[in-house]
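Structural features, examined
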Amino acid sequence: MRVTTAFSRLVRLPGVWVKKVRFEPDRVIVEVGLRRKKLVCPECSYSTWARKDKRPADSVWRHLDLGVWALEIHCRRRRLWCPVHGALTEAVPFARAGAEFTRDFEWLVAWLAAKVDKTTLQRMLRIDWRTIGRIVKRVCDEELDPGRLDGLFEIGIDEVSWKRQHKYLTLVVDHLRRQVVWGCEGAGAAAADRFFAELDPEPASPSPAPNPPDQPPPYPDAKRPAVWPEPAIMVPFGPCPTVPAGHGIPGGWLELGVELEPGMFARAGLLDAVSMDMTGGYAKSVREHARQATICVDPYHVVQLANQALDEVRRDYWNELRRADDQQAAKRFKDARWCLLKRPEKLTDEQAATLARIKAAGGEVSRAYTLKEAVRGIFEPGLSLEDVEILLKRLLSRLARCRLKPFIRLGKTIRKHRDGILAAIRLGINQGRTEAINNKVRLITRRAYGFHSAQAALALVLLTCGPIGLHLPHELHTLGTG
Ligand SMILES: [Zn+2]
């Protein structure tokens, strides 16, 4: 077998033939030629026989490694003129537009980025983290399910900090599919407004009626009809597979000047429930765009607030110890932080012992811990709505009397959002459901801290928690002799 034939099988790139192979000290270079003669625009499907000019464009792509060798694909491309996108270098079938890596290599990067940490990935593939960010963005743009915003009924909207210094991503989770389906940079009502704008885009401004009655027909010779047909639209209801005969709204013609309630066809109109935190920004937007949806308070956020209150009490106590110059106790207490915040069933033996000591010692921290656990107890699985109503009432009176400032404040917040909390329980948006995805999202955004743009961080979140199927290169090729 000739070397070029052997390499043609090894690299398995679609639409090319191998011209030449050469070895350099640190890599193997495979020169290929494109099989297709027509030039294709990389941004759209426009194709042409005509070259824009004779200027060649020599391009390089990194492909999957070959043993210890890095493998480079070199190809001379031609330039074309796309009527939409202008002068461009032609597309290649084995790489995404603008990429310096083959599609196979990018699939490998995306798969690994979702599974392993930054250091492992950089060292294994010999590329820097920012480049990985760009690859993740490209794969996400191409593979994200375009129908992911269809059929949303119960969603959660929440922000997660990306990078330090108050940079946020707002994410929308589909509670039923347990996936992140949408995201953008920023937080609060403005971010939620952007979600609703994308869910139901403004219809393109209607083209003017071809022949408005009060204007002469475009062709002076044309005979003007005696009666102009009334512009009207059909309401598409009536007997259909999902509506039994006699139960639909009868079809009819709308009179001129009567507008259909746009909400009738809007995807936002399908939303039954939207869960969120207790800050109020998202609620404002939801009330405006999806009036029918029940606003629920995500149990995750209530527990998070309780944890923050506990941490405040602990910190005050610790500072007191430090001021009292009890170094030994202060140090022991600082380490106790995780014992207090972790779920008791997840503590290690040593942490459980520390927790037992804190409880035995009594005092404010011990009381704060009991209160935090009581808040968490409301959202235990298996409780009925009536159970929760009773527990919540008891909890609120306990918090009001507890004499711990952070917890009194917490009690007031919970009281204000009582209806939202009960709505979440009633609709089954429980803590277990939201906590798992929240934790995963937070882990991934921390991994994305080093990315250059919020778009890349968002892409990594969607890649790991969104509607994208990730595959390894060998899973995408049916291996055979070809
Ligand atoms: Zn084009």
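The structure contained in this document is the topic of the report that follows.

What about empty space enclosed by the protein?
Scanning all chains against the criterion turns up 1 cavity of 30 Å³ or more. Size it by volume and the largest cavity reaches roughly 120 Å³. Around the largest cavity, the lining is made up of 14 residues, and of these Asp158, Leu171, Val173, Ile437 and Asn438 lie nearest the centre. When contributions to the lining of the largest cavity are tallied by element, the ones reaching two or more residues are strand S9 (154–161), strand S10 (168–174) and helix H15 (431–447).

Some remarks on the side chain of Arg442
Assignment of secondary structure puts Arg442 in helix H15. We classify Arg442 as buried; its relative accessible area is 17%. A polar atom in the side chain of Arg442 sits 3.4 Å from the backbone oxygen of Glu159. Here Asn438 takes part through its side chain, which lies 2.8 Å from a polar atom of the side chain of Arg442. Each residue touching Arg442, except ones within four places of it in the same chain, is listed here: Asp158, Glu159, Val160, Tyr300 and Gln304.

Observations regarding the nonpolar core
Within the largest apolar cluster, 41 residues are counted, with the highest numbers of intra-cluster contacts made by Leu125, Ile127, Ile132, Val180, Val441, Leu460 and Leu463. Here this core takes 10 residues from helix H16 (residues 454–465), the largest share from any one element. Within the second largest apolar cluster, 35 residues are counted, among which are Leu371, Val375, Leu404 and Leu410.

Overview of the packing of aromatic side chains
Applying the stated rule across the entire model yields 7 aromatic pairs. A ring pair is formed by Phe101 and Phe105, whose centres lie 5.1 Å apart and whose planes are at 15 degrees; its orientation type is stacked. Overall, Phe105 belongs to the buried group, its relative accessible area being 1%. Each ring, one from Phe195 and one from Phe196, has its centre 5.2 Å from the other, and the planes form 65 degrees; the classification is edge-to-face. Residue Phe195 shares its accessibility class with Phe196, and that shared class is buried.

Considerations on the coordination of the zinc ion
For the zinc ion, the full set of protein donor atoms is Cys41 (SG), Cys44 (SG), Cys82 (SG) and His85 (ND1), and the range of their distances to it is 2.1 to 2.3 Å. Here the zinc ion is ringed by 4 donor atoms whose angles at the metal span 106 to 113 degrees, and the overall shape comes out tetrahedral. Taken in chain order, the donor set of the zinc ion reads C-x2-C-x37-C-x2-H.

About the cut-offs
Here, residues in each chain are numbered from 1, in the same order as that chain's written sequence. Owing to the predicted nature of the model, reporting of local features is limited to residues with pLDDT of at least 70; listing and counting of side-chain atom pairs is limited to 80 or more, with chain, interface and lining totals taken over all residues. To get the side-chain values, take all heavy atoms of the structure and skip hydrogens and water. Grid points spaced at 1 Å and placed over the protein atoms alone form the basis of the search, with a cavity being a set where a 1.4 Å probe fits but cannot get out and a pocket an open set showing protein on both sides within 12 Å along at least five of seven lines. Lining residues have an atom within 4 Å of a point. Grid points are joined across faces, edges and corners, and a volume is the space filled by probe spheres set on the points. In this description a helix means any DSSP run of H or I spanning at least four residues, a strand means any run of E spanning at least two, and both kinds are numbered starting from the N terminus. We call a residue buried when its accessible area falls under 20% of the maximum for its residue type, exposed when it is over 50%, and partly exposed in between, using a 1.4 Å probe and counting protein chains only. As used in this structure description, the phrase polar contact means that two N or O atoms lie within 3.5 Å; if the pair is within protein, one of them must be able to donate a hydrogen and the other to accept it, and residues adjacent in sequence are counted only when both atoms belong to side chains. Contacts are assigned to residue pairs that have any heavy atoms within 4.5 Å of one another. Buried Ala, Val, Leu, Ile, Met, Phe, Trp, Tyr and Cys residues that are joined via side-chain atoms within 4.5 Å together make up what is termed a nonpolar core. Stacked, edge-to-face and tilted are the three classes for Phe, Tyr and Trp ring pairs, Trp counted by its six-membered ring, which pair at centre distances within 6.5 Å; planes under 30 degrees apart are stacked, over 60 edge-to-face, the rest tilted. Atoms of type N, O and S within 2.8 Å of a metal are treated as its donors, and for Na, K and Ca the window is 3.2 Å; water is not considered, so some sites may appear to be missing partners. All geometry calls rest on donor angles, where a four-donor set with angles between 85 and 135 degrees is tetrahedral, four- and six-donor sets with opposite donors more than 155 degrees apart and all others between 65 and 115 are square planar and octahedral, and all else is irregular.

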